[in-house]
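Remarks on the overall topology
This is what each chain is made of:
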Amino acid sequence: TLFRSLPLSKRLKLALKSFSEREDKKRIFLFSGISLLLITGIIFFYTFFIEPWRREQMAELTDKITTEKAASLSTDVIAYENGEESFEDLEKRLLREINTSSDRKIKISALVSLADIYSDNGRISEAIEMLEKELETAETPSEKVQLMANLSNLYAENGDKEKAISLLEQILEYPETENIEING
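Before going into details, it helps to say that this report is about the structure given with it.

1. Topic: a nonpolar patch on the surface
A surface patch of nonpolar side chains, amounting to about 630 Å² of accessible area, comprises F44, F45, Y46, F48, F49 and I50. Here F48 lies in helix α2 (residues 8-81).

Next comes the structure, spelled out in structure tokens:
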């Protein structure tokens, strides 16, 4: 009708333009489909490969830092035992770790070390009280076993053999006792 009344050259131009617009729409649709597929692939790759790897790396780094910090505390205690560090300096450093560390392993390690030096300096009652208080808030069986083992040593050292034996019997109820490190 109206289209047919146009000259042939005009009709060809309009047809080409219409065809070109449809091809552009197809290309845009194809491009957005490919883009969506690519984005989905990236999200999948990140979620199932990159993120777990990143979490694993962070956990390893955290464990390494915790191990290094605990080793540093042990080195400080050894320096104190060898007379290279004063009781007051070590006590301050351990108390600072106890009060500021967000890592439970470091806090427990510092508490046990502090209890040990308190015991060495005749402050067994303070050491016992400190570990008993922490035992009430222990979060994991491993923490409980470590604290009970060290408390047992302190009770025995203080002459309270019944409490020491009672704690040792309680420790045997925990499966974690195989690899626990007992200071003292």
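2. Brief notes about the packing of helix α4 (residues 104-120) against helix α5 (residues 124-137)
Between α4 and α5, whose axes approach to 7 Å, the crossing angle comes to 160°. Judged by the angle between their axes, α4 and α5 are roughly antiparallel. Judged by the sense of rotation from one axis to the other, the crossing of α4 with α5 is left-handed. Where α4 approaches α5, its residues R104, K107, I108, L111, V112, L114, A115, Y118 and S119 are matched on the opposing element by I124, E126, A127, M130, L131, E134 and T137.

3. Brief notes about the packing of aromatic side chains
The relative placement of two aromatic rings is captured by the distance of their centres and the angle of their planes. Tallied over the entire structure, the rule returns 5 aromatic pairs. With centroids separated by 4.7 Å and ring planes inclined at 45°, the aromatic side chains of F44 and F48 adopt a geometry described as tilted. Here F48 and F44 lie together in helix α2, a separation of 4 residues that amounts to about one turn. On the basis of relative accessible area, F48 is assigned to the exposed category, the value being 52%. Ring centres of F87 and Y118 lie 6.2 Å apart, and the angle between their planes is 40°; on these two criteria the pair is classed as tilted. Taken together, the positions of F87 in helix α3 (residues 87-100) and Y118 in helix α4 put the pair 31 residues apart, joining distant regions of the chain. Exposure class is identical for F87 and Y118. Each is buried. In this structure an aromatic cluster arises from ring pairing among F44, F45, F48 and F49. Across the ring face of Y118, the terminal group of R123 is positioned such that the distance to the ring centre comes to 4.1 Å.

4. Points about the side chain of E91
Take E91: it is sitting in helix α3. Accessibility expressed as a relative area gives 15% for E91, which makes it buried. Reaching out from E91, the side chain makes a polar contact with the side chain of R123 at a distance of 3.4 Å. Ignoring any residue separated from it by four or fewer positions in sequence, one finds E91 in contact with L114, I117, Y118 and R123.

Calculation criteria
Residues numbered from 1 in each chain as written. Predicted model: local features only at pLDDT ≥ 70, side-chain atom pairs only at ≥ 80, totals over all residues. Heavy atoms only, no water. Patch = residues over 30% accessible without salt bridge, like charges linked within 9 Å, V, L, I, M, F, W, Y side chains within 5 Å. Areas by Shrake-Rupley, 256 points an atom, 1.4 Å probe, with all protein chains shown as cover. Salt bridge = Lys/Arg side-chain N within 4 Å of Asp/Glu carboxyl O. Helix = DSSP H or I, 4+ residues; strand = E, 2+ residues; numbered from the N terminus. Axes fitted to C-alpha atoms, helices over the stretch in contact; angles between N-to-C directions. Parallel < 35°, antiparallel > 145°, perpendicular 65-115°, else oblique. Left-handed = near helix turned anticlockwise from the far one by under 90°. Contact = heavy atoms within 4.5 Å. Phe/Tyr/Trp six-rings, centres within 6.5 Å; stacked < 30°, edge-to-face > 60°. Buried < 20%, exposed > 50% of the residue type's maximum accessible area, 1.4 Å probe, protein only. Lys NZ or Arg CZ within 6 Å of the ring centre and 35° of its normal. Polar contact = N/O pair within 3.5 Å; in protein donor to acceptor, adjacent residues only side chain to side chain.

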